[in-house]
Amino acid sequence: MARDPVTGEASPAEDLDAINANLADWAARSAATSDALVERFEAMGYEVRGKDEDAIAEVLRHPPTRPVDRSA
């Protein structure tokens, strides 16, 4: 974990990008074999349908591109 240069205390905010990238990779591996997860990501506004694992991971590293579908 990154440390604050002044206080020496842990600074999790600096690690957020790395954590989000790891989560996107993990979620993409799961979505590549789960139609239900693809549908859930689509409902959350992420355009992942029809994409391979690498493309899904890239989509998940960014904010959703569509509004959330509250009916899903």
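For the structure itself, look to the data block above.
Quick look at the structure, then.

About the thresholds
- Sequence order as written defines residue numbering, which begins from 1 separately in each chain.
- Given that this is a predicted model, residues contribute local features only at a pLDDT of at least 70 and side-chain atom pairs are listed and counted only at 80 or more, while totals for whole chains, interfaces and linings are drawn from all residues.
- The side-chain values count all of the structure's non-hydrogen atoms but skip hydrogen atoms and water molecules.
- Strands here mean DSSP runs of E at least two residues long; helices mean DSSP runs of H or I at least four residues long; both are numbered from the N terminus.
- Identification of polar contacts relies on pairs of N or O atoms within 3.5 Å, with a donor-acceptor requirement for protein atoms, meaning one able to donate a hydrogen and the other able to accept it, and with residues adjacent in sequence counted only if both atoms are side-chain atoms.
- Contacts: residue pairs with any heavy atoms within 4.5 Å of one another.
- Take the buried residues of types Ala, Val, Leu, Ile, Met, Phe, Trp, Tyr and Cys, join any two whose side-chain atoms come within 4.5 Å, and each joined set is a nonpolar core.
- Only protein chains enter the accessibility calculation, which uses a 1.4 Å probe. A residue is then buried if its area is under 20% of the maximum for its type, exposed if over 50%, and partly exposed in between.
- Stacked, edge-to-face and tilted are the three classes for Phe, Tyr and Trp ring pairs, Trp counted by its six-membered ring, which pair at centre distances within 6.5 Å; planes under 30 degrees apart are stacked, over 60 edge-to-face, the rest tilted.

1. A word on the side chain of Glu42
Item 1. Mapped onto the fold, Glu42 is located in helix H2 (residues 35-43).
Item 2. Within the local environment of Glu42, its side chain forms a polar contact with the backbone nitrogen of Arg49, the two atoms lying 2.7 Å apart.
Item 3. Those residues in contact with Glu42 that lie beyond four places of it in its chain are Glu47, Val48, Arg49 and Arg66.

2. Regarding the nonpolar core
Item 1. The biggest cluster of nonpolar side chains holds eleven residues, and these are Ala24, Ala27, Ala28, Ala31, Val38, Phe41, Tyr46, Val48, Ile56, Ala57 and Leu60.
Item 2. Counting only elements with at least two residues in this core, the list comes to helix H1 (12-31), H2 and helix H3 (53-60).
Item 3. With four residues, H1 is the single largest residue contributor to this core.
Item 4. Here Ala27 is in contact with Leu37, Phe41 and Leu60, once residues within four sequence places are set aside.

3. Observations regarding the packing of aromatic side chains
Item 1. Tallied over the entire structure, the rule returns one aromatic pair.
Item 2. Measuring from ring centre to ring centre gives 6.3 Å for Phe41 and Tyr46, while their planes differ by 80 degrees; the resulting arrangement is edge-to-face.
Item 3. Owing to a relative accessible area of 15%, Tyr46 belongs among the buried residues under this scheme.

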